[in-house]
Amino acid sequence: MTAIPLSWTLALSAILFSVGTFGVVIRRNAIILFMCVELMLNAVNLAFVGLAPYAGIQGQVFVFFVIAVAAAEAAVGLAIIISVFRHSESVDIKNFRLLRW
Amino acid sequence: MIQPLFWFFAILAVTSALMTVTRKNPVSSALWLIGTFFSLAAIYTLLGAFFIGAIQILVYAGAIMVLFLFVIMLLNLGHDYEADIRGHTWKALAGGSALVMLALLARMFGGESLVPPGSAAGPDMIAAQVAEYGTVGVIAFPMYGEYMILLQATAILLLIAVVGAVVLAKRKV
């Protein structure tokens, strides 16, 4: 049984994080921005899991906490999106002028 | 057998991530993101993190993505969606920032001292611990011992998030 080299896992993690960054910059739909943030969180989780065999089992424990925080963030973020949608009838962030001067 | 499977799921994950970013329809974006989550769950199990793989499917592909799809359908964004991809300047900016991020991560991950010296490195360590404590126990023992306060803080955070989400999404408080 041949194991997966650490560098492959980290490379995949870096690529997924970059794709998430690309999406956050290029999209204007607030929900898709949230999805890209989730994608970046998943890339970080992958790095944690990949490093766990080398740095200790704590990596997998932290992934558990990251997933819990991501769930909380998604719930609050989507609630904010719903309440902003009630205000401006759109989820496009070019229409979000509540906190802009 | 593990390495070809890793390649398969890695290519699947990156393709689904790219489709997530480029699809116009928010619903298809969300469905492609579920594909990424599933392939990442498969990669976690290939890396020996079986419990994390199961949690990934249950929490991410199950709970969080249902929440996303529910909000998309609640706000009726599945059709009549306006094209929301920015113009060429932003595309160049996005490509540049993604490349900068990739280069930074490659520099950080490509260092010599990536594997901590002196640790009993390698997948065999995890396999030995799993054989001793079990798949869940290997995570549960540090979580309910060393990281007890962190666990309680996460529980309080989840409670606050539930209350906050209800208060924010209600019409009148």
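### Here's the deal with the overall build of chain A
In terms of helices and strands, chain A carries three helices and zero strands. What you see in chain A, going N to C, is helices and strands ordered as α-α-α. When the backbone C-alpha atoms are referred to their principal axes, chain A occupies close to 55 × 25 × 25 Å. By residue count, 56% of the 101 residues in chain A fall in the buried class. Pairs at least 24 apart in sequence give 48% of the contacts found in chain A among residues at least 6 apart.

### Quick word on the nonpolar core
Across soluble globular proteins, you tend to see nonpolar side chains buried next to one another. Counting 75 residues, the largest nonpolar core has Leu16(A), Ile31(A), Met35(A), Val49(A) and Ile43(B) as its most contacted members. Residue contributions to this core peak at 15 residues, all from helix H2 (residues 30-55) of chain A. Shared between two domains, this core takes at least three residues from each, and those domains are domain 1 (1-81) and domain 2 (122-173) of chain B. Excluding its chain neighbours within four sequence positions, the residues that come into contact with Ile43(B) are Leu46(A), Phe6(B), Phe9(B) and Ala10(B).

### Let's talk about the interface of chain A and chain B
Across the contact, 62 residues belong to chain A and 76 residues belong to chain B. Contributions of two or more residues to the side of chain A that touches chain B are made by helix H1 (6-26), H2 and helix H3 (58-88) of chain A. The dominant element in the side of chain A that touches chain B, judged by the number of residues it contributes, is H3(A), at 22 residues.

### Here's the deal with the domain arrangement of chain B
Structurally, chain B comprises domain 1 (1-81) and domain 2 (122-173). Between the C-alpha centres of domain 1 of chain B and domain 2 of chain B the distance comes to 21 Å.

### Some remarks on the packing of helix H2 (residues 26-46) of chain B against helix H3 (residues 50-74) of chain B
Residues and elements named next belong to chain B. The N-to-C vectors of H2 and H3 enclose an angle of 175 degrees; their axes lie 8 Å apart at closest approach. It follows that H2 is roughly antiparallel to H3 by the angle criterion. Each of Pro26, Val27, Ala30, Leu33, Ile34, Phe37, Phe38, Leu40, Ala41, Tyr44 and Thr45 in H2 lies in contact with H3, whose residues at this interface are Phe50, Ile52, Gly53, Gln56, Ile57, Tyr60, Ala61, Met65, Phe68, Leu69 and Ile72. Split by residue class, the contact of H2 with H3 holds 19 nonpolar, three polar and no charged.

### Notes on helix H6 (residues 137-144) of chain B
All of the buried residues in H6(B) are Val138(B), Ile139(B) and Met143(B). All buried residues of H6(B) lie within an arc of 120 degrees about the axis, which places them on one face of the element.

### Topic: unusual backbone geometry
Only a minority of non-glycine residues have a phi that is not negative, and only a minority of peptide bonds are not trans. Even without glycine at this site, Glu89(A) takes up a positive phi of about 55 degrees. As for its placement among the helices and strands, Glu89(A) is situated in the segment after H3.

### Considerations on the environment of Gly87(B)
Mapped onto the secondary structure, Gly87(B) falls in the loop between H3 and helix H4 (88-109). Distance in space between the C-alpha atoms of Gly87(B) and Ala41(B) is 34 Å, their sequence separation being 46 residues.

### With respect to the packing of H1(A) against H4(B)
Relative orientation of the contacting elements H1(A) and H4(B) amounts to 155 degrees, with a least axis distance of 8 Å. Between H1(A) and H4(B), the angle is such that the two are roughly antiparallel. Viewed along their axes, H1(A) and H4(B) form a crossing whose handedness is right-handed. Across the interface between the two elements, Leu10(A), Ala14(A), Phe17(A), Ser18(A), Thr21(A), Phe22(A), Val25(A) and Ile26(A) from H1(A) touch Trp90(B), Lys91(B), Leu93(B), Ala94(B), Gly95(B), Ser97(B), Ala98(B), Met101(B), Leu102(B), Leu105(B), Ala106(B) and Phe109(B) from H4(B). Partitioned by chemical class, the residues of the contact of H1(A) with H4(B) number 15 nonpolar, four polar and one charged.

The rules behind each value
- Residues numbered from 1 in each chain as written.
- Chains lettered and ligands numbered in written order.
- Predicted model: local features only at pLDDT ≥ 70, side-chain atom pairs only at ≥ 80, totals over all residues.
- Helix = DSSP H or I, 4+ residues; strand = E, 2+ residues; numbered from the N terminus.
- Buried ≥ 20, exposed ≤ 12 C-beta atoms within 10 Å, placed from the backbone.
- Contact = placed C-beta atoms within 7 Å.
- Core = buried A, V, L, I, M, F, W, Y, C linked by C-beta atoms within 7 Å.
- Domains from an automatic or database assignment.
- Axes fitted to C-alpha atoms, helices over the stretch in contact; angles between N-to-C directions.
- Parallel < 35°, antiparallel > 145°, perpendicular 65-115°, else oblique.
- Nonpolar A, V, L, I, M, F, W, Y, C, P; charged D, E, K, R; others polar.
- Arc of directions from axis to C-beta.
- Left-handed = near helix turned anticlockwise from the far one by under 90°.

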